Amino acid sequence: TTKDNRNDKIDAEITLCDARSGAKIATLPKHEGTVRKIVFSPDGKLIVSGGTYPYLYLDEQQSNLRIWDFDSKQLIAALPKDPGGVTDLAISRDGKTLATTHVDGNPLGFDEECDVRLWDLETKQERTKIHLKGRVGNLVFSPDGRTLLVILGYIDPLKGQNVMAHKNVLKVLDASSGAEQKSLL
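Parameters at a glance
Residues numbered from 1 in each chain as written. Predicted model: local features only at pLDDT ≥ 70, side-chain atom pairs only at ≥ 80, totals over all residues. Heavy atoms only, no water. Helix = DSSP H or I, 4+ residues; strand = E, 2+ residues; numbered from the N terminus. Buried < 20%, exposed > 50% of the residue type's maximum accessible area, 1.4 Å probe, protein only. Areas by Shrake-Rupley, 256 points an atom, 1.4 Å probe, with all protein chains shown as cover. Pairing = 2+ DSSP bridges. Core = buried A, V, L, I, M, F, W, Y, C linked by side-chain atoms within 4.5 Å. Contact = heavy atoms within 4.5 Å. Salt bridge = Lys/Arg side-chain N within 4 Å of Asp/Glu carboxyl O. Axes fitted to C-alpha atoms, helices over the stretch in contact; angles between N-to-C directions.

Undergrad: How should the overall build of the protein chain be read in this particular structure?
TA: For the protein chain, the count of helices and strands is zero helices and 17 strands. The burial tally for the protein chain puts 45% of its 185 residues in the buried class. Carbon and sulfur atoms make up 48% of the accessible area of the protein chain, which totals about 9,700 Å².

Undergrad: Would you take a moment to explain the pairing of strand β10 (residues 113-120) for this structure?
TA: Successive residues of a regular strand alternate their side chains across the two faces of the sheet. Most of β10 sits inside the fold, with six of its eight residues counted as buried. Where strand β9 (residues 97-103) lies against β10, six bridges are found, and the strand directions are antiparallel. Across the sheet, the residue bridging to L98 is W119, located in β10. Across eight bridges, β10 lies against strand β11 (residues 125-133) in antiparallel orientation. Among the inter-strand pairings, W119 is bridged to a residue of β11, identified as E126. Connecting β10 to the next strand, β11, in antiparallel fashion are four residues, including K124 with a positive phi near 65°.

Undergrad: For this particular structure, what's the right way to read the nonpolar core?
TA: For soluble globular proteins, the rule of thumb is that nonpolar side chains tend to be buried together. One finds V116, L132, V136, L139, L148 and V150 to be the most contacted residues of the largest nonpolar core, which totals 16 residues. Every element with two or more residues in this core is listed here: β9, β10, β11, β12 (136-141) and β13 (147-152). Setting aside anything within four residues of it in sequence, one finds V150 in contact with V116, L132, V136, N138, L139, V169, L170, K171 and L173. If you look at the next biggest cluster of nonpolar residues, it comprises 13 residues, including V39, V48, L79 and V86.

Undergrad: I would appreciate a short explanation of the pattern of salt bridges in the present structure.
TA: It is possible for side chains of opposite charge to pair when their charged atoms get near one another. Counted according to the given criterion, the structure contains five salt bridges. Linking K37 and D88 is a salt bridge whose minimum nitrogen-to-oxygen distance equals 2.8 Å. Taken together, the positions of K37 in strand β4 (residues 34-40) and D88 in strand β8 (residues 85-91) put the pair 51 residues apart, joining distant regions of the chain. Here D88 falls in the buried class, since its relative accessible area comes to 2%. K171 is the salt-bridge partner of E180, the closest N and O atoms lying 3.4 Å from each other.

Undergrad: I tried to follow the environment of I151 on my own but got confused; where do I start?
TA: Structurally, I151 is set in strand β13. Residues I151 and V169 lie 18 residues apart in sequence; the distance between their C-alpha atoms is 5.7 Å.

Undergrad: Honestly, the pairing of β9 in this entry has me stumped. Any pointers?
TA: The buried fraction of β9 is high, at seven of seven residues. Alternating residues of β9 divide into T97, A99, T101 and V103 and L98, T100 and H102, and every residue in both groups is buried. By the bridge criterion, six bridges tie β8 to β9 in an arrangement that is antiparallel. Bridge pairing in β9 links A90 to A99. Counting the residues between successive antiparallel strands, the hairpin from β8 to β9 contains five residues, one of them, G95, with a positive phi of roughly 75°.

Undergrad: Can you walk me through the sheet that holds strand β16 (residues 170-174) in this structure?
TA: Either a parallel or an antiparallel arrangement is found when strands of a sheet pair, and the pairing is made through backbone hydrogen bonds. Pairing is antiparallel across the open sheet formed by four strands, whose spatial order is β12-β13-β16-β17. The two strands at the open ends of the sheet, each matched to only one other strand, are β12 and β17 (180-184). Strand-to-strand twist in this sheet, taken as the mean axis angle between neighbours without regard to direction, amounts to 20°. Here β13 pairs with β16 via five bridges, running antiparallel. In the sheet register, I151 faces β16, and the bridge partner there is L170.

Undergrad: Just checking my understanding: could you explain unusual backbone geometry for this structure?
TA: Keep in mind that most residues, glycine aside, have a negative phi and that most peptide bonds are trans. Here K73, not a glycine, exhibits a phi torsion of approximately 60°, which is positive. By the secondary structure assignment, K73 is in the loop between β6 (62-69) and β7 (75-78). Residue classification places K73 among the buried residues on the basis of a relative accessible area of 15%.

Structure (structure tokens):
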């Protein structure tokens, strides 16, 4: 769970709970800004949290990606901040690659362009950046980790319907290079 303090400088608190009992396991140290997504590495040793900072000023927003050690509950790395908010995260099955989505200027995703970034989790360095037309809804690695599925489109709560930002709504990317393999409707 996350807890936001609603003020000019929002900081999230990440609480880890036992999935079966609901009992609180630990609270991670302060996460600057909001948290939009949290994922565990497949081996359970890392937690990656992603969000936006600061939340209230759209033109000043930066991504906020943090990597935590599960056992010690300590911050291992804060990845470089970039313009825009993080909207999704995925870790490959081998635990070597982190995929992130960044929407510049609007954390709710009402933009028509975004970036998918692939990070090396060992070195904590960005390997590649893929600029796409449309708003990324979800990232999913294939079981072998060689392919990344990127779902484009968004739900506009004002219209209450699924609005496709671009004709192609599913991109199949090479998870190493980011090269597009297919575009599907």
